[in-house]
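Structural characterization, general
Take a look at the letters that make up each chain.
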Amino acid sequence: VKIYSSTFSNVPLVNRGVFSYFLGASRPGYVGEHPANWPAFTDAASGATITRGHLRALSLQLGHGLTHHATLRASRNDTALIFAPNILQFPLAMFGSWAAGLRVTLANSAYNARELAHQYTNSGASLVYTTEDHLQTVRDMFTAVGLGAEGDKRIIIIDGLRWAGGANVPPSVASAGLVRLEDLLSMGAMESEEIFEGQGNETTLLCYSSGTTGKPKGVETTHHNLTSMAEILQHSWDAPTSREVMLAILPCYHIYGCVMQLLWTLRAGIKVVLQARFEPEAWCRNIQTYAVSLSLVVPPVLVHLARHPAVEKYDMKTLKVMVSGAAPLGPDLTRQALSIRVAARLASFGTHVAIIQGYGLTETSPVAMMVPTKSAESALGSIGVLLPNLQSRLVADDGLDAKEGEPGEIWIRGPTVMKGYLKNASATAGCINSEGWFQTGDIAVRTNEGFYYIVDRKKELIKYKGFQVPPAELEALLLNNPDVADAAVVGVYDDAQATELPRAYIVAANPSAKKAQLARDVIAWTKARVASHKQLRGGVAVIDVIPKSAAGKILRKDLRERAKVE
Ligand code: AYL
């Protein structure tokens, strides 16, 4: 068996809970390794800023409020769900929950009630942090899970706070009587975080991933996974220092955004400017306003920047590094050209901008590979080299090591591999073997210098702009449509947008149905039932029969081939 080790030397890891690791009062005047009065997070729109010390203090107040509030009465190992966009209260909700020993689960803020209900129930959550804007969805979710108005007792409204850049607006009529973040903050404070002995291997974060097959599953990420990830990034990645400023446009509910924008940044002492959502002009303006040096993106963001005139309107000479991840960037020439073009336009402002890729999965907490900044030019299209403390294998279809230079499935082993899927031992056993190897479902080749290039994906997953779209979820949904007898969903790649688009193949329940009309109806029907990223943007094709193996498995490769010529 051929095992590849990281070319970095191993980094010493720690065994601490996430709260004390990221926000511990290590010595007077400090939070973690950096001064308490340094800015931690800034709201891009209002400029409101929370310092490291303020974040720690408020989190200890929230932790106290959660456990002492008469109706919430939260306790250790309860699970709190955060259903909110990128606002300053997001990291506070997370750290306040962690201070009191709760687990946190992060839900896509575009989810509808049905999608949210799956995560609420599956994660065993008992609290939901949300905003006025999302309140109706949360209430519909509580109706869907059978709690009805009782659910109101489990909601915490987190927006509208002036210190967080919110207008000082009174609660809406709809949210009257609900618990508000400021209520919980005013009840007192924990003296310090609870130190739970030996909690390293306990689950602290639950993001959802469909893995190689099926519906979204709760990924059990432990304290040790997260502290290890932060130490590994801190000691391997050459660009960042505590003088960096990061513009955070990736959603904090996705593990890429959560770990890279909220957690590791605290470890590194990086100031983070939170932008609610990506919009090219605002992105450029914020780079200038906040003298941003670092930004994380997904490939479609680069497409926008490559085309948008705002790129030339703003002074962005502070920008040094952009990290693209979560979906392929540049495995072919078109996209390599794109990344050079974006860099050239940004570089015209005086500095050289490195655009590098990272690679990882929710299941690996998340980053497993990264391109060293100095290799940005020479490793175009590469997902990078293995990070410290990690090992990899490349395994061919026959279960043996891929031959030198030939493609194989990436397997990963190390301290950032998840504990498993929540309450789903069979799915866990399906992807983590007895030797601790996690099987990613991604196919790559490796160069002699240790650079990896993704060449294919073995698993079902579709990625729309970096978001997971589990085909099995859409297929199950489509089978609920009385006009659909059978369905299969695959991803088709759209060069112009640099993303895959979900495309459905369906069999009509009524053989004499008009195909074009049925396809249009099914697109609209689906749109009304799923979050935006799962819409059938790749279209719907009506076919006579879904190709399946003798065992009844959908032959997705056939459908993907077919999609290419359609
Ligand atoms: P999940 N190139 C191609 N495919 C990628 C890449 C990449 N650079 N990164 C992730 N993927 C795909 O759980 C791949 O199929 O995590 C992988 O199995 O939503 C799947 O996305 C995992 O999807 C980074 C870079 C975090 C990436 C991430 C992973 C977040 C996506 C930090 O710096």
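Residues numbered from 1 in each chain as written. Predicted model: local features only at pLDDT ≥ 70, side-chain atom pairs only at ≥ 80, totals over all residues. Heavy atoms only, no water.

Before going further, it helps to spend a moment on the packing of aromatic side chains. Counted according to the given criterion, the structure contains seven aromatic pairs. Ring centres 5.3 Å apart and planes at 90° place the aromatic pair F95 and W98 in the edge-to-face group. One end of the pair, F95, and the other, W98, are both in helix α3 (residues 89-99), three residues apart, so they sit about a helical turn from each other. F95 gets classed as buried once you look at its relative accessible area, which sits at 0%. Among the residues examined, W98 registers a relative accessible area of 5% and is labelled buried. Ring centres of Y253 and F467 lie 6.5 Å apart, and the angle between their planes is 25°; on these two criteria the pair is classed as stacked. Here Y253 is found in the loop between β13 (245-248) and α8 (255-268), whereas its partner F467 is found in strand β26 (residues 467-469), with 214 residues between them in sequence. A network of ring pairs unites the aromatic residues F19, Y21, F22, F95 and W98 as a single cluster. A cation over a ring is seen here: R27 above Y30, with NZ or CZ 3.8 Å from the ring centre. Sitting above the plane of the F196 ring, R76 keeps its charged end 3.8 Å from the centroid. (Phe/Tyr/Trp six-rings, centres within 6.5 Å; stacked < 30°, edge-to-face > 60°. Helix = DSSP H or I, 4+ residues; strand = E, 2+ residues; numbered from the N terminus. Buried < 20%, exposed > 50% of the residue type's maximum accessible area, 1.4 Å probe, protein only. Lys NZ or Arg CZ within 6 Å of the ring centre and 35° of its normal.)

With that out of the way, let us pick up the sheet that holds strand β6 (residues 79-83). In sheet architecture, strand pairing relies on hydrogen bonds along the backbone and comes in two forms, parallel and antiparallel. Here we have eight strands laid out as an open sheet, ordered β10-β9-β8-β6-β7-β11-β12-β22, and mixed in their pairing. Two strands in the sheet have a free side with no partner beyond their single neighbour: β10 (179-180) and β22 (420-421). (Pairing = 2+ DSSP bridges.)

On to the environment of Y111. Looking at the secondary structure, you find Y111 in the loop between β7 (103-106) and α4 (113-123). When its relative accessible area of 13% is taken as the criterion, Y111 is described as buried. Sequence separation between Y111 and A99 is twelve residues, and the spatial gap between their C-alpha atoms is 27 Å. Sequence-distant contacts of Y111, defined by excluding residues within four places in its chain, comprise F83, L116, Q119, T137, A531, H533 and K534. (Contact = heavy atoms within 4.5 Å.)

With that settled, the discussion passes to the pairing of strand β23 (residues 438-446). With nine of its nine residues buried, β23 lies for the most part within the structure. Two strands pair when backbone bridges link them, and strand β21 (residues 408-413) and β23 are joined in this way by four bridges, in the antiparallel orientation. Bridge pairing links G408 to A444 in β23. Where β23 meets strand β24 (residues 452-457), five bridges bridge the pair, whose relative direction is antiparallel. Note on β24: the bridge partner recorded for V445 is Y453. Between β23 and β24, which pair antiparallel and follow one another directly, the connecting turn spans five residues, one of which, G450, has a positive phi of 90°.

Looking now at the layout of surface pockets. If you add up the space inside the largest pocket, you get close to 1,200 Å³. Lining the largest pocket are 48 residues, and of these P328, I454, D456, R457 and E500 sit closest to its centre. Counting residues per element, the ones that place at least two in the lining of the largest pocket are α8, β17 (354-360), β18 (367-370), β24, β25 (462-464), β27 (484-494) and α15 (556-565). At five residues, α15 tops the list of elements feeding residues into the lining of the largest pocket. Partitioned by chemical class, the residues of the lining of the largest pocket number 22 nonpolar, eleven polar and 15 charged. Taken as a whole, the second largest pocket encloses approximately 770 Å³ of empty space. Forming the boundary of the second largest pocket are 28 residues, of which P251, Y253, R277, F278 and F467 lie nearest the centre. (1 Å grid on protein atoms, 1.4 Å probe; cavity = no way out; pocket = protein on both sides within 12 Å on 5 of 7 lines; lining within 4 Å. Points joined across faces, edges and corners; volume = space filled by probe spheres on them. Nonpolar A, V, L, I, M, F, W, Y, C, P; charged D, E, K, R; others polar.)

The next subject is the site of the ligand. Lining the immediate surroundings of the ligand are 20 residues, of which G358, T362, D442, K459 and K463 lie closest. Q357 is positioned with one of its side-chain polar atoms (N or O) 3.0 Å from a nitrogen atom of the ligand. A total of 640 Å² of accessible area belongs to the ligand in isolation, and the protein chains cover 99% of it. Under a 2 Å grid-point criterion requiring more than half of the atoms, the pocket assigned to the ligand is the largest pocket. With four residues, the single largest contributor to the shell around the ligand is β17. When its residues are assigned to classes, the shell around the ligand shows nine nonpolar, seven polar and four charged. (Near = heavy atom within 4 Å. Polar contact = N/O pair within 3.5 Å; in protein donor to acceptor, adjacent residues only side chain to side chain. Areas by Shrake-Rupley, 256 points an atom, 1.4 Å probe, with all protein chains shown as cover. Sits in = over half its atoms within 2 Å of the grid points.)

This part is about empty space enclosed by the protein. A complete count under the given rule lists seven cavities of 30 Å³ or more for this structure. Each pocket or cavity is described by its volume, and for the largest cavity that value is around 240 Å³. Lining the largest cavity are 20 residues, and of these N108, Y111, Y208, H254 and Q468 lie nearest its centre. For the lining of the largest cavity, the secondary structure elements donating two or more residues are β11 (203-209) and β26.

Bringing the confidence of the model for the protein chain into the picture now. Per-residue pLDDT for the protein chain averages 93, and the proportion of residues at 70 or more is 97%. What the predictor reports for the complex is a pTM of 0.96 with an ipTM of 0.99. (pLDDT = per-residue confidence, 0-100.)

Before going further, it helps to examine the nonpolar core. By size, the foremost hydrophobic cluster in this structure holds 136 residues, and its most contacted members are L66, F95, W98, W283 and M322. Counting residues per element, this core draws most heavily on α8, which supplies ten residues. In this view, W283 contacts L247, I249, Q275, F278, S295, L305, M316, L319 and M322; residues no more than four positions away in its chain are not counted. Y505, V522, V540 and I543 belong to the second-largest nonpolar core, a separate cluster that totals 32 residues. (Core = buried A, V, L, I, M, F, W, Y, C linked by side-chain atoms within 4.5 Å.)

What follows covers α8. Buried residues dominate α8, accounting for 14 of its 14 residues. The positive-phi residue at the C-terminal boundary of α8 is G269, with phi of around 80°.

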